[in-house]
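# Structural description and commentary
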Amino acid sequence: MNIYWQLIWAYVKIGIFGFGGGYAMLSLVEKSVVSPGWISETMFTDIVAISQMTPGPIGINSATYIGYVAPGEVNPEYTGIGWSLLGSCVATLAVVIPSFILVLYSSHFIRKHSESGVIKSIFSGLRPVIVGLIASAAIMLMNAPNFNPRGINWQLWTNVGICIIAFCLAYFPLNIKKKKLKMHPIFIIVLAGVAGLVLYL
């Protein structure tokens, strides 16, 4: 049962120190689950993609998914729906409960001391760190499993092109009949899925 205690310990730490939401905690999640060998880097990037497309926060979704697959990957004895569901429940609760307790307490404290110079200073220091952590997660995901999993050059450049197009569609508004419209992220995800189906099937 060691893997379950390891999942609890890893996700308690992620729940406590995962400042800035799911994207900011991705580098912490990657270090906690890929470095010990629970899952591969390729599987981790797949989990991130699935977590982004499914409803709910990416941190919780990834915890549920990693908790589901990690026990069987680490020990074949824990292969099976029962062990996987146990891993999902353990990892999800471990990441949610510390965050819930911290937010419950800190929201009351911050509301009470919202005009405090100390609180304002702490948040002034945390904001750039969050941006840095999100940028770190973005750079971390720019790897071979995401852009060139089969080692084929044309696929690498095609994937880079898809990435750039997706960024432009999400960030820059389109001028349609003198109106500036931003494409919805769901539509961009669907387009990317269709492009992948056409190009790589």
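Presented here is an overview of the structure given in this document. Note that the structure is predicted; figures quoted are calculated from it, not measured.

What counts as what
- The residue numbering used here restarts from 1 in each chain and proceeds along that chain's sequence as written.
- Predicted model: local features are reported for residues with pLDDT of at least 70 only, side-chain atom pairs are reported and counted for 80 or more only, and whole-chain, interface and lining totals are derived from all residues.
- Hydrogen atoms and water are omitted, and side-chain values are computed over all heavy atoms in the structure.
- In DSSP terms, a helix is any run of H or I states spanning at least four residues, a strand is any run of E spanning at least two, and both are numbered starting from the N terminus.
- Burial here depends on accessible area, computed with a 1.4 Å probe over protein chains only, as a share of the maximum for the residue type. Under 20% is buried, over 50% is exposed, and the range in between is partly exposed.
- Surface accessibility in these figures is a Shrake-Rupley result with a 1.4 Å probe; residues are shielded only by whichever protein chains are displayed.
- None of His or the chain ends enter the tally, which takes Lys and Arg as positive and Asp and Glu as negative.
- Note that the charge is assigned to NZ on lysines, CZ on arginines, CG on aspartates and CD on glutamates.
- As used in this structure description, the phrase polar contact means that two N or O atoms lie within 3.5 Å; if the pair is within protein, one of them must be able to donate a hydrogen and the other to accept it, and residues adjacent in sequence are counted only when both atoms belong to side chains.
- The contact criterion used throughout is that any non-hydrogen atoms of two residues lie within 4.5 Å.

### Some words on the overall build of the protein
When you go through the protein residue by residue, the secondary structure sums to nine helices and two strands. Going from the N terminus to the C terminus, the protein shows its helices and strands as α-α-α-α-α-α-α-α-β-β-α. Expressed as lengths along the three principal axes of its C-alpha atoms, the size of the protein is roughly 55 × 50 × 25 Å. Split into buried and exposed, the 201 residues of the protein put 29% on the buried side. With the model as given, the accessible surface of the protein reaches about 12800 Å², and the carbon-plus-sulfur share is 72%. Of note, the protein has its 12 positive side-chain charges centred 24 Å away from the centre of its 6 negative side-chain charges.

### So, the side chain of Ser-32
Structurally, the position occupied by Ser-32 is in helix α2 (residues 22-33). Engagement of the side chain of Ser-32 in a polar contact is seen with the backbone oxygen of Leu-28, the distance being 2.8 Å. When sequence neighbours within four positions are dropped, the list of residues in contact with Ser-32 reads Ala-10, Ile-14 and Trp-38.

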